[in-house]
Amino acid sequence: MTTIILEQFKINMEKRGVTVWFTGLSGAGKTTITRALEQKLRDAGYSLEILDGDIVRTNLTKGLGFSKEDRDTNIRRIGFVCHLLTRNGVIVLVSAISPYREIREEVKGKIGDFVEVFVNAPLNVCEDRDVKGLYKKARAGEIKSFTGIDDPYEPPLNPEVECRTDLETLEESVNKVWQKLEEMGYLAKPVAV
């Protein structure tokens, strides 16, 4: 019993926080991958926090619009919370469109322990998956400055992971992220017995 407690204490002391930032178009699969990874991490005994773009906009950044300045402010606020959690050893999963490369790089630089995951699917696939009807409204002019339609999405140049959700299964995408986190030392690799 004492050995188990000491081993758990050792694991907790060695635990490194990390922000895993899922970026991509609306409908690309960011939230789906985030939720599946969350379950896998919890099943393995990791504690973590999730910051989903839609939920954050309702609670943390309410009142911000969709101008470039407001979007940058939104990402900076999410990044600030991630920085606090990450430096205290927490795994943070962020699911946010975060369309502008420069602000993602700024946040990455401040956080340090940061894994950028580009959730990549072609625009037509994202439109086909659009359960909220947002693309249809944007195409009809009912929503202005919609990312991918009349506002740009700047894909990452060198993401740590790229998930091609139009070409791979959810399990394959989750495993890619998991393996990268292991490789970078954020997750303990299984010990052969």
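Residues numbered from 1 in each chain as written. Predicted model: local features only at pLDDT ≥ 70, side-chain atom pairs only at ≥ 80, totals over all residues. Heavy atoms only, no water.

Undergrad: Go over the pattern of salt bridges with me, naming the residues and quoting the values.
TA: Here the structure, examined in full by the defined rule, presents 13 salt bridges. A salt bridge links Glu106 to Arg76, with the nearest nitrogen and oxygen atoms 2.7 Å apart. In this pair, Glu106 sits in helix H5 (residues 101-111) while Arg76 sits in helix H4 (residues 68-87), placing the two residues 30 residues apart along the sequence. Given a relative accessible area of 39%, Arg76 falls into the partly exposed group. One salt bridge in this structure joins Glu183 and Lys180, with 2.8 Å as the shortest N-O distance. With Glu183 and Lys180 both in helix H8 (residues 170-183) and 3 residues apart, this pair spans about one turn of that helix. Through salt bridges with shared partners, a single network forms among Arg35, Glu38 and Arg42. (Salt bridge = Lys/Arg side-chain N within 4 Å of Asp/Glu carboxyl O. Helix = DSSP H or I, 4+ residues; strand = E, 2+ residues; numbered from the N terminus. Buried < 20%, exposed > 50% of the residue type's maximum accessible area, 1.4 Å probe, protein only.)

Undergrad: Account for the environment of Phe22, with residues named and values stated.
TA: Among the secondary structure elements, Phe22 is positioned in strand E1 (residues 18-23). In this structure the C-alpha to C-alpha distance between Phe22 and Ala96, which are 74 residues apart in sequence, comes to 6.3 Å. The contacts of Phe22, once residues within four sequence positions are left out, are Lys30, Ile33, Thr34, Leu37, Leu93, Val94, Ser95, Ala96, Val117, Val119 and Val177. (Contact = heavy atoms within 4.5 Å.)

Undergrad: Residue-level account of the side chain of Thr147, with values.
TA: Structurally, Thr147 can be placed in the loop between helix H7 (134-139) and strand E5 (161-164). Polar contacts involving the side chain of Thr147 include one to the side chain of Arg71, which spans 2.5 Å. Thr147 has contacts with Leu25, Arg71, Ile97, Pro99, Tyr135, Pro152 and Tyr153, leaving out every residue within four places of it along the chain. (Polar contact = N/O pair within 3.5 Å; in protein donor to acceptor, adjacent residues only side chain to side chain.)

Undergrad: I'd like a description of the packing of H4 against H5, backed by residues and values.
TA: For any two helices packed against each other, one specifies the crossing angle of their axes together with the interaxial distance. Two elements in contact, H4 and H5, have axes whose closest approach is 9 Å; the angle formed by their N-to-C orientations is 20°. What the angle tells us is that H4 and H5 run roughly parallel. The chirality of how H4 crosses H5 is right-handed. Across the interface between the two elements, Asp72, Ile75, Arg76, Gly79, Cys82, His83 and Thr86 of H4 pack against Ile103, Glu106, Val107, Lys110 and Ile111 of H5. (Axes fitted to C-alpha atoms, helices over the stretch in contact; angles between N-to-C directions. Parallel < 35°, antiparallel > 145°, perpendicular 65-115°, else oblique. Left-handed = near helix turned anticlockwise from the far one by under 90°.)

Undergrad: So what's going on with H5? Residues and values would help.
TA: Buried within H5 we find Ile103, Arg104, Val107 and Ile111. One side of H5 carries all its buried residues, which in axial view fall inside an arc of 105°. The outward face of H5, more than 90 degrees from its buried face, is lined by the exposed residues Glu102 and Gly109. Following H5 by one or two positions, Gly112 has its phi on the positive side, about 85°. (Arc of directions from axis to C-beta.)

Undergrad: An account of the nonpolar core is requested, with residue identities and associated values reported.
TA: Across soluble globular proteins, nonpolar side chains show a tendency to be buried alongside one another. Counting residues in hydrophobic clusters, the biggest one holds 31 residues, and the most contacted among them are Phe22, Leu41, Leu93, Val117 and Val177. Those elements giving two or more residues to this core turn out to be E1, helix H2 (30-43), strand E2 (48-52), strand E3 (91-95), strand E4 (114-120), H7, E5 and H8. For Leu41, the contacting residues outside a window of four places in its chain are Tyr46, Leu48, Ile91, Leu93, Trp178 and Leu187. Tyr100, Val107, Ile111 and Phe114 belong to the second-largest nonpolar core, a separate cluster that totals 14 residues. (Core = buried A, V, L, I, M, F, W, Y, C linked by side-chain atoms within 4.5 Å.)

Undergrad: Can you explain the packing of H2 against H8? Please cite residues and give values.
TA: Following both chains from N to C, one finds H2 and H8 inclined at 65°, their axes separated by 10 Å at the closest point. Crossing geometry of H2 relative to H8 is assigned as right-handed. Contact residues: Thr32, Ile33, Ala36, Leu37, Lys40 and Leu41 in H2; Leu170, Ser173, Val174, Asn175, Val177 and Trp178 in H8. Its residues assigned to classes, the contact of H2 with H8 shows 8 nonpolar, 3 polar and 1 charged. (Nonpolar A, V, L, I, M, F, W, Y, C, P; charged D, E, K, R; others polar.)

Undergrad: Tell me about H8, and please be specific about residues and values.
TA: Counted at 1.5 Å a residue, the expected span for H8 with its 14 residues is 20 Å, and the 20 Å between its end C-alpha atoms agrees. Listed in full, the buried residues belonging to H8 are Ser173, Val174, Val177, Trp178, Lys180, Leu181 and Glu182. Tucked inside the fold, the buried residues of H8 contact E1, H2, E4 and E5. Gly185 occupies a position one or two residues after H8 and carries a positive phi of about 85°. (Expected span 1.5 Å × (residues − 1).)

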